[in-house]
Amino acid sequence: MQKKLTVALMATMLAPAAFADSGNVTISGYVRAGVQWKNKMASNAADASEVGVDGRGEMAFSGTEDLGNGLSAVWIVRQRFAMDGSGYDENGKSRDGTFGNDRAYVGLKGGFGQMVFGRGYDNFNDGKHDQFVVMGAGGTGGNKNAADGKASGTTVFGRPGSTKNMVRYNSPNLSGFTGSLQWSTGEDKTATTKATTSTSLRLDYDAADWDIGAGYEKLSQSAGSTNTYNLTGGAKFGDFSAYAEYQRKKEPGNKTTKAFGVYAYYTIGKVDLGLFAAREKYSFNSNRRSILSLRAAYNLSKRTSAFIETMRDKTTNEDSRNRFFIGMRHAF
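Cut-off values and rules
Sequence positions are assigned chain by chain, starting from 1 and proceeding in written order. Whole-chain, interface and lining totals are the exception, using all residues; otherwise, since this is a predicted model, local features are given only for residues with pLDDT of at least 70 and side-chain atom pairs are given and counted only at 80 or more. Values reported for side chains reflect all heavy atoms of the structure, with hydrogen atoms and water molecules removed beforehand. Only centres within 6.5 Å qualify two rings of Phe, Tyr or Trp (six-membered ring in Trp) as a pair; their planes then separate them into stacked at under 30 degrees, edge-to-face at over 60, and tilted for everything else. Put simply, DSSP marks the helices as runs of H or I at least four residues long and the strands as runs of E at least two long, and each gets a number from the N terminus on. Three labels apply to residues, based on accessible area from a 1.4 Å probe with only protein chains included: buried if under 20% of the type maximum, exposed if over 50%, partly exposed otherwise in between. Whether two strands pair depends on DSSP finding at least two bridges between them. Should a side-chain nitrogen of Lys or Arg be within 4 Å of a carboxyl oxygen of Asp or Glu, the pair is scored as a salt bridge. Among buried residues, those of type Ala, Val, Leu, Ile, Met, Phe, Trp, Tyr and Cys that are joined through side-chain atoms within 4.5 Å constitute a nonpolar core.

> Could you clarify how one ought to interpret the packing of aromatic side chains in this entry?
The description of two aromatic rings rests on the distance between their centres and on the angle between their planes. Scanning the model with the defined rule gives 7 aromatic pairs in all. Taken together, a centroid distance of 4.6 Å and an interplanar angle of 45 degrees make the contact between Phe177 and Tyr205 tilted. Residue Phe177 is located in strand 7 (residues 177-185), and its partner Tyr205 is located in strand 8 (residues 197-206); the two are separated by 28 residues in the primary sequence. Look at Tyr263 and Phe276: their rings are 4.9 Å apart centre to centre, the planes differ by 25 degrees, and that puts the pair in the stacked class. On the criterion of sequence distance, the pair formed by Tyr263 in strand 12 (residues 255-268) and Phe276 in strand 13 (residues 271-282) is long-range, its members being 13 residues apart. By the burial criterion, Tyr263 is buried, and Phe276 matches it. Aromatic ring contacts, followed pair by pair, group Phe177, Tyr205 and Trp210 into a single cluster.

See below:
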């Protein structure tokens, strides 16, 4: 009996060694808010002149657990919300309050890379070098071009969008080279149509002072397929950095949209300056779209900054969309 108790005690003491449990939870995010002015855009009633308090916040719960033998479990639940109680952020995007409305996934990470399942940012990585708080490429969704024949997507480049029902693989970093492959499906299948699916591939090389990358995405819908190609690249020169981005999108009906943009940033002490300029043209008409955004931020600390951003978005035969935002941002 005594021998059995000794064996059981030794097994209990050795159990933690078999499972290298070092799980942890990290809470992170940011809040940003300020006063925004938008001019009247007669051709788009949704952009009527207004001045108001706008903003957005984000909170993320994430963690890892060491499973031993170089393998870890990874997970994240990330939530975005409006700062003014309206349900919309400063770019007019709906923040419905659903928990995990931005990103939520679980998966495994090891020497092979990382595989996750759930909801997350797509890996197409357009807007890779967009460092604007509000009015960079992701904030250019105000001009509606449906009347011009543009079938979908009103932003120029844009930050990666949330993707539901996704499976994603991220490769390990191989001397600066990284890659990712993602597949996702919608929940819109009917008796006569298939569900929407999206497949995207991204390859990047990131050196200390320069980088280059390319992405491809195929969105398959009942109305046809949309194929998008993206190229990015740029370099840092001390306190100055410059990047370029090109994107080509071919939509159903043989409608092609091409966009080219540049980003430039310069740091002077605690002040960060930025410029974003882009041009978009279409195969289905002679219209052109031009965007110019400027920013200046003063870093009060590593986590807190005050900033001013302004943007002019003009499409041929449409009123320009002008915006001005002054606010603060704090990360935690």
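> Is there a simple way to think about the pairing of strand 5 (residues 113-121) in this case?
Every regular strand shows the same layout, with side chains that alternate between the two sheet faces. Bridging between strand 4 (residues 103-110) and strand 5 involves 7 bridges; their strand directions are antiparallel. Following the sheet pairing, Ala104 is matched in strand 5 by Arg119. Hairpin remark: strand 4 followed by strand 5, antiparallel, with 2 residues in the connecting loop.

> Would you explain the pairing of strand 4 in this entry?
Pairing of strand 3 (residues 71-82) with strand 4 involves 7 bridges; the strand directions are antiparallel. Bridge pairing in strand 4 places Ile76 opposite Tyr105.

> When you look at the pattern of salt bridges in this model, what are you seeing that I'm missing?
When the charged atoms of two side chains lie near each other, side chains of opposite charge can form a pair. As enumerated under the stated definition, the model contains 11 salt bridges in all. When the shortest N-O distance is used, the salt bridge between Asp102 and Arg80 registers 3.3 Å. Of this pair, Asp102 sits in the loop between strand 3 and strand 4 while Arg80 sits in strand 3, and the two are 22 residues apart along the sequence. Here Asp102 and Arg80 have matching classes, each one buried. For Asp204, the salt bridge goes to Lys128, with nearest N and O atoms at 3.0 Å.

> Is there a simple way to explain the nonpolar core in this structure?
For soluble globular proteins, the rule of thumb is that nonpolar side chains tend to be buried together. With 18 residues, the main nonpolar core has Val134, Val156, Phe157, Tyr263, Phe276 and Phe307 as its most contacted residues. Within the residue set of this core, elements represented by two or more residues are strand 12, strand 13, strand 14 (288-299) and strand 15 (304-315). Of all the elements, strand 12 adds the most residues to this core, at 3 residues. Ala60, Val74, Ile76 and Val116 belong to the second-largest nonpolar core, a separate cluster that totals 6 residues.

In short, shape yes, function no, at least from these values alone.
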